[in-house]
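Coordinate analysis (summary)
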Amino acid sequence: MEAMNSVSCVQWGNVCAEVFVDAVRDCNVPVMRCVFEADDELAALGRKLNCPVLSYDSDFYIHNVRYIPLITLTVKTHTKTYKEKEKQNNEDNGRKLRKTEAKKLEKRTKNERVMDTIVVDNKEKKLRKGKTYKYLDCCMYRVENLISRGSLSKEKLPLFAALLGNDYISRSAFRNFYMSGMVKIGRGRKPNHQQRRIRLILKWLKDETAESAMNKIMSRLQKNQRESLMAQVEAAISGYSNEECRSYEFFKKYYENAFEDFMENNEDAEHSSDEDSNYELEEDEDFTEEEDEIEEDDNEENPEVQDNEEEASKAVEATEEKSEDSEEPSESEDDEEEEGERDDPNDHISKFPQWFLDKLYPAHLPRFFVDLMHLRKYINNPQIEHYPYNDCNEIAVPILSLTYSLLNNVKGEEFVEKLNEDGSVRHLFFTYLTRATRVTQIQYVSVEIKEKPKFEFEPHDPNPQILQTVFEHKMPELQKDQLFKEIEKLPQDLRLYFLAIVYWMHKSQHWDLIHLHALLVCLVVLRTIDSKIPPERDIKTFNKRFGKILKKERQVRDKEAAEGVKRSIRDDLKEMPVTERIQFIPKSDCYLVQNELLKHFHMQELFKKKYDLFSSTVLHAFAELQSVVFQLHSLNALLSFPHQPPQMCQLYCGTFLYNLYDLFRNRLDVEYHIRNFIFKDSQMMFDFYSYLWQWCQQFIPSWKNAEAQQSAKTVNKKILKKKRQLERKKAAQGDNSTQAADPYADMLSSTGEGEDEFIDLNNKFCAMLKVS
């Protein structure tokens, strides 16, 4: 199932989910993207496989599935030896979770140990005899422990969750129910107030059936609210009791032997978990004491409540009599009933075409495709940007419009324009949610699509030339044919990324050549170094692990430099293209280059103290590129990947990019600095960077080159001005130092060789006495 994952870089909010999917695939973990929320699918799959669910969402406790809170998981493997069953039960079997253990649990979950105790090296300290198995330490919750006292049955659990409020229905919807006196909550501090509510609802449901409880809840609401609220409650309850599991069939079909290993080890895992983790809650004395205190307000009868119950029962009887006496429905009523069945909120998935689900389930299409298909709406993800500028996602709206047009112009199901009441043509459109400029609010924009795609869209065999049409509009200086001819010279995993860079260069007004230099250096470093050596970012850990290698290699190279030996690329590698040569970069180059660049992977201390110095205008251009990459990647996925999708973890790191830009912005010759400082220890890396830079230069717009030349002149003038000021300052410091050493040096003179004439500086007439 898909889950969101936060990325520890300055930006990349748009595609953090896609980066997570790439990481999961790299680990050979089966992945599926659900149409809507994955809670129901996860619970159904967990029940079907008898497998626990690891999550932050406590709703799974009510889903009647074994639930492991992610915060209780310690990511460190432990080893245990299988033991034969003993005739006598040990004292540890069936042990209960006492108050002391509960305190221990609270302590272990305080600082999110799942993030703080990740262990990379899990080597065993001692050898064990016999058959062993590995496990992770965690806490597992079962719904049986919650209902063990008989206060609640599994059938009433979904209603209990709905009354408390969940993802489907707000707790405020039952405000009249709570105010009617059926469950007297009272007032108090917020934590105690919520606990009091839970205890009282549990107590009230204990003597009610699911049907009677629902009738009493509906009787407290106004008649015009009952129907809608009933539909919401039924939708919420159906989510907890859903047994239809599309994910099980998908994993069996899409991944070969997806459950084979799990099914073989399921019995052993269940047996060991029952022995080690089968905790049951003891009777809590405090619980019963609180109940006794609360019962004083609940034992009184409420005549108003009884009247409402009688009215509700009479209303139900009246509707039953009316349905019996009604005539047979007409054809139009039959059509309405059939349409109502088709509009069942619990069966929205069946409304999506099968070709769409085939692309969505394997997580090829991003999540926003569902909103486009189902709601005709696109919601922008916020990014770090310069607020006075237009929304950074605006640059990629043409790509998004083409994507939406394709979804609504599938071959054989093309969109047919109709006329409005005023005679105007109703074009295809979708709602675009974005932020307003210079105002702290959002706005909904209607994006109309008046032109149909240039090529017809066949989902099972799409035309790859559709992607090329993106580069035909409002790019007067771009030669599309040359672009797609030159793109073939790049590695396959870089082609889509550089298409996005070219689009960005011709559409954005906020980038400069320093942005491009930083992007290329970042690409070379991430794509080469991280694939050769462990991707370590902590400076101390890096020096601890590889300090000896660095010291030894540096001594060798310093010795060669002292002897005049120049390091060069092997002859057999020189004959290879630059793009293929990069895979033969020696690890020694990677260690030395990474050692110099590690400091740029962390936020500068200056920005931590003064956030105002952090330039949002620089980030705005990078944010625009992110939007282009995301939308182009989405269109590429819809077209069944005519280009290999890029691995963004090998191309982009926000903090590193910003620090590189900050480093290059005051350099008169950026290429010289990259050659002699960034890649001074690796000629092959510099050659790769130089090759990519030359490839990009042929597609840089002329107006941007003119801006770059003017900017270079300005920077040159500033540098020359600073040099003159520095020289004058040094000269002034030199004069001042001389005077400070002997302020009367200009007054002293020598009248003879080797003789020092005495002059009384305190007597102004001393010199006159010397006159003969």
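Keep in mind that this is a model prediction, so the values were computed, not measured.

For the rest of this paragraph, the subject is the overall build of the protein. Within the protein one finds 32 helices and 11 strands. Across the 772 residues that make up the protein, the buried fraction comes to 40%. Restricting to contacts in the protein with at least 6 residues of sequence separation, those with at least 24 account for 74%. For the protein, the accessible surface area stands at approximately 47,300 Å², while carbon and sulfur atoms represent 48% of it.

So, about the nonpolar core. If you look at the biggest cluster of nonpolar residues, it comprises 134 residues, and the most contacted ones within it are Phe 471, Tyr 497, Phe 498 and Phe 679. Among the elements that take part in this core, helix H21 (residues 513–532) stands out by supplying 13 residues, more than any other. Not counting residues within four places of it along the chain, the set of residues in contact with Phe 471 comprises Leu 478, Lys 480, Leu 483, Phe 484, Leu 499, Tyr 503 and Leu 632. Judged by nonpolar contacts, the second largest core, of 26 residues, contains Ile 147, Leu 157, Phe 177 and Ile 201.

Our focus in this paragraph is the packing of aromatic side chains. Pairs of aromatic rings are described using the distance from one ring centre to the other and the angle between the two planes. Per the stated rule, a full pass over the model turns up 30 aromatic pairs. For the pair Phe 250 and Tyr 255, a centre-to-centre distance of 6.2 Å together with 85° between the ring planes defines the contact as edge-to-face. For the pair formed by Phe 250 and Tyr 255, the shared burial category is buried. Ring geometry for Phe 607 versus Phe 614: centroids 5.2 Å apart, planes at 90°, classification edge-to-face. Pairwise contacts between aromatic rings join Phe 36, Phe 352, Trp 355, Phe 356 and Phe 457 into one cluster. The ring of Tyr 387 carries Arg 435 above its face, with NZ or CZ at 4.6 Å from the centroid.

Turning our attention to helix H22 (residues 539–562). Over its 24 residues, H22 extends only 29 Å from the first C-alpha to the last, a length that falls short of the 34 Å expected when each residue adds 1.5 Å. Of all the bends in H22, the greatest, near 70°, is centred on Phe 546. Within the span of H22, buried status applies to Phe 542, Phe 546, Leu 550, Glu 553 and Arg 557. Looking at the buried residues of H22, the elements they touch are helix H25 (587–597). Of the residues flanking the start of H22, the one acting as N-cap is Asp 538, its side-chain oxygen 3.4 Å from the backbone nitrogen of Lys 540.

What follows concerns the sheet that holds strand S11 (residues 442–449). Spatially, S5-S10-S11 is the arrangement adopted by the 3 strands of the open sheet, whose pairing is mixed. With one partner strand each, in any of the chains shown, strand S5 (377–379) and S11 form the two edges of the open sheet. With strand direction ignored, the average angle separating the axes of adjacent strands in the sheet is 25°. Relative to S11, strand S10 (residues 428–435) is paired through 8 bridges, and the arrangement is antiparallel. Bridging across to S11, Leu 433 finds its partner in Tyr 444.

Glancing now at the packing of helix H20 (residues 492–507) against helix H27 (residues 616–638). In the contact formed by H20 and H27, the axes pass within 9 Å of each other and the chain directions differ by 130°. Classified by the angle between their axes, H20 and H27 sit oblique to one another. Considering the relative orientation of H20 and H27, their crossing is right-handed. In this structure, H20 uses Leu 496, Tyr 497, Leu 499, Ala 500, Ile 501, Tyr 503 and Trp 504 to contact H27, whose residues at the interface are Ala 621, Glu 624, Leu 625, Val 628, Val 629, Leu 632, His 633 and Asn 636. Tallied by class, residues from the contact of H20 with H27 come to 12 nonpolar, 2 polar and 1 charged.

Let's shift gears to the side chain of Asp 530. Mapped onto the fold, Asp 530 is located in helix H21. Among the polar contacts listed, one links the side chain of Asp 530 to the side chain of Arg 537, at a separation of 2.7 Å. Ignoring sequence-local partners within four residues, the contact set of Asp 530 consists of Val 525, Pro 535, Arg 537 and Gln 594.

What follows is about the pairing of S10. Of all 8 residues in S10, 6 are buried; the element is thus mostly enclosed. When S5 meets S10, the two strands line up parallel, connected through 3 bridges. Looking at the pairing, Lys 377 lines up with Thr 431 of S10. The hairpin formed by S10 and S11 contains 6 residues between the paired strands, and Arg 438 there has a positive phi angle of roughly 70°.

A separate point is unusual backbone geometry. Phi is positive for Lys 474, which is not a glycine, with a value near 55°. Despite not being glycine, Phe 641 has its phi angle at roughly 60°, a positive value. Assignment of secondary structure puts Phe 641 in the loop between H27 and helix H28 (654–664).

Throughout the structure, instances matching the rule amount to 0 disulfides. Unpaired in this structure, Cys 245 has its nearest cysteine sulfur neighbour in Cys 34, at a distance of 9.1 Å.

All right, on to H28 then. Counting buried positions along H28 yields 9 of 11 residues, so the element is predominantly enclosed. Listed in full, the buried residues belonging to H28 are Gly 654, Thr 655, Phe 656, Leu 657, Tyr 658, Asn 659, Leu 660, Tyr 661 and Phe 664.

Taken as a whole, this structure holds 20 salt bridges when the rule is applied. Among the ionic pairs, Asp 22 bridges to Arg 25, the shortest N-O distance being 3.9 Å. Taken as a pair, Asp 22 and Arg 25 lie in helix H1 (residues 16–26) at a separation of 3 residues, close to a single helical turn. Classification of Arg 25 by relative accessible area gives partly exposed; the value is 31%. Here Arg 665 ties to Asp 662 by a salt bridge, and the two come within 3.2 Å at their closest N and O atoms. Linked through salt bridges whose partners overlap, the residues forming this network are Lys 454, Glu 472 and Lys 480.

Here the focus is the confidence of the model for the protein. Considering every residue of the protein, the mean pLDDT works out to 76; 71% of them sit at 70 or more. Considering each helix and strand of the protein separately, the mean pLDDT is smallest for helix H15 (residues 331–342), with a value of 38, and largest for H20, with 96. Here residues 111–122 scores under 50 on pLDDT; set against residues more than four positions off or in separate chains, the count is 18 contacts. A low-confidence stretch, residues 743–756 stays under pLDDT 50, and its non-local contacts, those more than four residues away or across chains, total 4 contacts.

Moving on to the environment of Arg 537. Along the chain, Arg 537 falls in the loop between H21 and H22. According to the relative accessible area criterion, Arg 537 is partly exposed, its value standing at 22%. Taking C-alpha positions, Arg 537 is 9.7 Å from His 600, a pair spaced 63 residues apart along the chain. Each residue touching Arg 537, except ones within four places of it in the same chain, is listed here: Leu 526, Asp 530, Gln 594, Leu 598, Phe 601 and His 602.

Attention now goes to the environment of Leu 613. Looking at the element boundaries, Leu 613 is found in the loop between helix H26 (605–609) and H27. Excluding residues that lie within four positions of it along the chain, Leu 613 makes contacts with Leu 606, Phe 607 and Tyr 658.

Thresholds, definitions, all that
- Residue positions are given per chain, counted from 1 along the sequence in the order it is written.
- Since the coordinates come from a predicted model, pLDDT governs what is reported: local features require at least 70, and pairs of side-chain atoms require 80 or more to be given and counted, while whole-chain, interface and lining totals use all residues.
- Values shown for side chains rest on all heavy atoms present in the structure; no hydrogens or waters enter the calculation.
- Here a strand is any run of E in DSSP of at least two residues, a helix any run of H or I of at least four, and the numbering for each starts at the N terminus.
- Here's how the labels work: a residue is buried when its accessible area is under 20% of the maximum for its type, exposed when over 50%, partly exposed in between, all with a 1.4 Å probe on protein chains only.
- What makes two residues a contact is simply this: any of their non-hydrogen atoms within 4.5 Å.
- The accessible surface values rely on the Shrake-Rupley method and a 1.4 Å probe; as for residues, cover is taken only from the protein chains in view.
- Only buried Ala, Val, Leu, Ile, Met, Phe, Trp, Tyr and Cys residues count toward a nonpolar core, and they belong to the same one when joined by side-chain atoms within 4.5 Å.
- Note on aromatic contacts: the rings of Phe and Tyr and the six-membered ring of Trp form a pair at centre separations within 6.5 Å, being stacked when their planes are under 30 degrees apart, edge-to-face when over 60 apart, and tilted otherwise.
- As a reminder, the over-ring test applies to NZ of lysine and CZ of arginine, requiring each to be within 6 Å of the ring centre and within 35 degrees of the ring normal.
- The span expected for a helix works out to 1.5 Å for each residue beyond the first.
- The bend reported for a residue corresponds to the angle between axes fitted to the seven residues ending at that residue and the seven starting there.
- Here a polar contact is recorded for every N or O atom pair within 3.5 Å, except that within protein the pair must consist of a potential hydrogen donor and a potential acceptor, and residues adjacent in sequence are included only if both atoms are side-chain atoms.
- Between any two strands, at least two bridges found by DSSP are needed for them to pair.
- For helices, the fitted line uses only the C-alpha atoms of the stretch in contact; every axis is such a line through C-alpha atoms, and the angle between N-to-C directions lies from 0 to 180 degrees.
- The labels follow the angle: roughly parallel below 35 degrees, roughly antiparallel above 145, roughly perpendicular from 65 to 115, and oblique for the rest.
- Left-handed is the label given to a crossing in which the near helix is rotated counterclockwise from the far helix by less than a right angle, and right-handed is the label when the rotation is clockwise.
- Throughout this entry, Asp, Glu, Lys and Arg are counted as charged residues, while Ala, Val, Leu, Ile, Met, Phe, Trp, Tyr, Cys and Pro are counted as nonpolar. The remaining residues, Gly among them, count as polar.
- Throughout, disulfides are identified as pairs of cysteine sulfur atoms within 2.5 Å of each other.
- Within this document, salt bridges are pairs made up of a side-chain nitrogen of Lys or Arg and a carboxyl oxygen of Asp or Glu, the two lying within 4 Å of each other.
- Scored from 0 to 100, pLDDT records how confident the predictor is in each individual residue.

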